[in-house]
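# Residue-level structural notes
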Amino acid sequence: MTMTRLWILSFAIAAAACSAGEPRDQSAPRIRTAGQPSTATPTLDSVRARGFVRCGVSTGIAGFSTQDTQGQWQGIDVDVCRAIAAAVLGDAGKVRYTPLTAAQRFTALQSGEIDVLSRNTTVTFQRDVQLGIEFPAINWYDGTGFIVRKASKVQSVKDLNGATICMQPGTTTETDVADYFRKQHLTFMPVVIERLEEVTNAYFAGRCDAFSQDRSTLASVRARAPNPTDHMVLSDVISKAPFGPGVMSNDPRWIEIVRWSVYALIDAEELGLSSKTIDRAFESDDPDVRRFVGKTDGFGAMLGLDPQWAFRIVKQVGSYAESLERNIAPLGIDRGINRLWKDGGVLYVPALR
Amino acid sequence: MIPYAHGTAPPMRTTPRRVSWTDPRVRAIAWQLAVVAALIAVIATVALQTAINLRARGIASGFDFLTRPAGFEIARGLLPFSSRDSYTRALLVGLLNTVRVSLLGIAIATSLGLLIGVARLSGIWIVSTVARVYVEVTRNTPLLLQLLFWYTVTQALPAPSDALNPLPGVYLCFRGLFLPAPIWHDGFPWIDLEQPTLVGFGFQGGTSVSPEFAALLVGLSTYTAAFIGETVRAGILAVGRGQAEAAAALGLSRLHALRFVVLPQALRVIVPPTTSQYLNLFKNSSLAVAIGFPDLMSITNTTLNQTGQAIEAIALAMIVYLGISLSLSAGMNLYNRATLRRGGTA
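Fair warning: this is a prediction, and the values are worked out from it, not measured in the lab.

### A look at the overall build of chain A
- Looking only at helices and strands, one finds 14 helices and 14 strands in chain A.
- Counting over 353 residues, chain A shows a buried share of 51%.
- A separation of at least 24 residues holds for 74% of the contacts in chain A among residues at least 6 apart in sequence.

Dropping the structure here:
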């Protein structure tokens, strides 16, 4: 049962008490000599000693983190885990995935059961400030939407006055919908079910007039419907939902590694690099590309990694564009604002320099 | 029994008692104190370290969140609630839902269990067999599965537009059971029955029972009734055959013999294990989260996630569950003592 697990996880935080004093050391500021490579990061050290990255993912959201028929994890959130493993351990396959419900995810990270949470998690003020969690980068810009049956003749959110709406507990959706309906002076009746499979089935069975979730999730819910053409995702988006991986805030170096692993995916697209062309990048004259693959500047060492960390990310995982092409495009989800700034989107990440 | 021990005063001590390690009573007390002290020390250390760790990891702690607005909506319950109300009120709504489903469940499970227990011992083959099949099927499948089954059953009902209408103003569909409700007026006749009417997405007005509540109530009470039924059967069998035969000889009907002779004696065997069943039903109500009924566990779960304060939220839930369980068993113990007294000195 999910509950049991949650209880165990909560008490794992308390159990960390046994290692008395150790967390205090972690949070203490470290004094470093400029330019000196430092691997004094407890998370990186334990990942290296263990030989794999422990990554928290969803229990199955198509396009983001889901298992294929062979049991292999796939999705853009999974690619973030793979990128980190490629950068840190040299092999994108060295990841152990822990499927988590929305309700379990933060506790799993706080209790140290996972090294990184990569599970379409909306970054909010409260999560950033209150949970002891850091969100180093954004890897997908989404928003809360609704899926409805076409037969209900609902065209926009305003038509949902008095409707029964399915949602999941502990999601930003739950509060977004409450806020939006209050603002518009509309009423609704919530039905809150924890697991995505069960809440989706409740919607399909007719328990709810609409199901509210992030729009990307709704696209995959619709794809899984017995008859997808009977359903439609409303065009209204009632909130901002930037997704990003989360890590504990007491390990600054690990935060930087996760941040730059995501940036490397996006920078690779911007530099026109892909898993197929990356081998030729070593001969490139472009200073940006030469820095990226570690020919110059020694950025890898500054992160406590080897020079080819970013090269391996692109070689083994691909660029952000390839990741979307593999995972998001087949679901019929448009990239929307998740394009590079050069192409009219909002992806604008700092450069490797 | 030692002869003449009863009513005799113990021999007088000539010297006052001295505290001595050789005295087994002193040793026993010392050991118990040591164990309690060690336990308190362990709990204090864990609590202190947890607080230190939470601070070191930058995780917020404390119960300040209880007064903040919850921000989420809850399906209609006994208390009015809106997203502007505090987490405390949200948890209270959940608690009332848990208590409501548990008390109703206990009442139904007891009546049904009594019926099943008596039916199991019936001389009529068909009655005892039906009761036995019921007990075996319900006892030997997981409760979670049964809850999901009952929930699926409610979802197989017709849509609101084709709702069953067995009585005027009563509608049954997959959105729930809708009933007329009294509303109060200022003018004569002060009270009116408000009928539910189909508007837009569903029925408005009147009162309603949600499918989640119905599935949980049916699931919990039928499941627990099977266990109570077995306890009742054991209790009846524990009463000597002679009692029933004597009652028959006095000319009591079978029903009267059961009501006035057998059951009062059987109660002494039945009550203690039934208390455990009540506690189980109460705690099992937390499975509501699987079918989306907003019970205490479900609201705790949401609170925990919206605030991120797992330890506080779970500690609160544990205290509340513990408190109710202890009161429930205290109440049942009182009742048990009363049945023992009524039963006389058998």
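Read on, since the account is not over.
### Description of the interface of chain A and chain B
- Between chain A and chain B, the residue contacts involve 44 residues of the former and 37 residues of the latter.
- Elements represented by at least two residues in the side of chain A that touches chain B include exactly helix H1 (2-15), helix H2 (22-27), helix H5 (105-110), helix H6 (125-130), strand S9 (163-167), helix H7 (172-183), strand S10 (188-192) and helix H8 (196-205) of chain A.
- A total of five residues in the side of chain A that touches chain B trace back to one element, the largest contributor, which is H1(A).
- Taken together, the residues that form the side of chain A that touches chain B break down as 23 nonpolar, 14 polar and seven charged.

### So, helix H8 (residues 296-307) of chain B
All names here are of chain B.
- A rise of 1.5 Å per residue sets the reference length of H8, with its twelve residues, at 16 Å; its end C-alpha atoms lie 16 Å apart and thus fit the reference within 8%.
- Counting buried residues in H8 gives twelve out of twelve residues, a clear majority hidden from the surface.
- Looking at H8, one finds that the buried residues are Leu296, Met297, Ser298, Ile299, Thr300, Asn301, Thr302, Thr303, Leu304, Asn305, Gln306 and Thr307.
- Trailing H8 by a residue or two, Gly308 shows a phi angle of about 75°, which is positive.

### Some thoughts on the confidence of the model for chain A
All names here are of chain A.
- Of all residues in chain A, 89% have pLDDT values of 70 or greater, and the mean over the chain is 86.
- Considering each helix and strand of chain A separately, the mean pLDDT is smallest for H2, with a value of 41, and largest for strand S5 (residues 116-117), with 97.
- Counting contacts from residues 16-39, a segment whose pLDDT is below 50, to residues more than four positions away or on other chains yields 30 contacts.

### Description of the sheet that holds strand S1 (residues 164-167) of chain B
All names here are of chain B.
- Read across the open sheet, the four strands follow the order S1-S2-S3-S8; overall the sheet is antiparallel. Strands at the two margins of the open sheet, each flanked by one partner only, are S1 and strand S8 (207-209). Across the sheet, the mean angle separating the axes of adjacent strands is 20° when strand polarity is ignored.
- Alignment of strand S3 (residues 176-179) against S8, held across three bridges, turns out to be antiparallel. Paired with Phe178 across the two strands is Ser208, which belongs to S8.

### A closer look at the packing of H8(B) against helix H9 (residues 310-342) of chain B
All names here are of chain B.
- Here H8 crosses H9 at 165°, and the two axes come no closer than 9 Å. Classified by the interaxial angle, the pair formed by H8 and H9 is roughly antiparallel. Handedness of the crossing formed by H8 with H9: right-handed. Contact residues: Leu296, Met297, Thr300, Thr303 and Leu304 in H8; Ala310, Ala313, Ile314, Ala317 and Val320 in H9.
- Taken together, the residues of the contact of H8 with H9 break down into eight nonpolar, two polar and no charged.

### A few points about the domain arrangement of chain A
All names here are of chain A.
- Taken domain by domain, chain A consists of domain 1 (38-141 + 243-336) and domain 2 (144-239).
- Look at where the C-alpha atoms of domain 1 and domain 2 centre, and you get two points 30 Å apart.
- With 15 residues of domain 1 at the contact, the number on the domain 2 side is 14 residues.
- Residue classes in the side of domain 1 that touches domain 2 are distributed as seven nonpolar, eight polar and no charged.

Cut-offs applied
- Residue indices begin from 1 for each chain and proceed along its sequence in written order.
- All chains are assigned letters beginning with A, and all ligands numbers beginning with 1, in the order in which they are written.
- Local features in a predicted model are, by the rule used here, given only for residues with pLDDT of at least 70; side-chain atom pairs are given and counted only at 80 or more, and totals for whole chains, interfaces and linings are based on all residues.
- For helices the rule is a DSSP run of H or I covering at least 4 residues; for strands it is a run of E covering at least 2, with both sets numbered from the N terminus onward.
- Using C-beta atoms placed from the backbone, we call a residue buried if 20 or more other C-beta atoms fall within 10 Å of its own, exposed if 12 or fewer do, and partly exposed for counts in between.
- Residue pairs qualify as contacts under a 7 Å threshold applied to their C-beta atoms, which are placed from the backbone.
- Classes in brief: Ala, Val, Leu, Ile, Met, Phe, Trp, Tyr, Cys and Pro nonpolar; Asp, Glu, Lys and Arg charged; the others, Gly included, polar.
- The length a helix should cover is 1.5 Å for every residue beyond the first.
- Confidence scores labelled pLDDT are given residue by residue by the predictor and lie between 0 and 100.
- Here, a strand pair is defined by DSSP locating no fewer than two bridges between the strands.
- Convention adopted: a line fitted to C-alpha atoms gives each axis, helices being fitted over their contacting stretch, and angles between N-to-C directions are expressed from 0 to 180 degrees.
- Roughly parallel means an angle under 35 degrees; roughly antiparallel means over 145; roughly perpendicular covers 65 to 115; every other angle is labelled oblique.
- When the near helix sits turned anticlockwise from the far one by under a right angle, the crossing is termed left-handed; a clockwise turn instead gives a right-handed crossing.
- Boundaries of every domain are those given by an automatic assignment or by a domain database.

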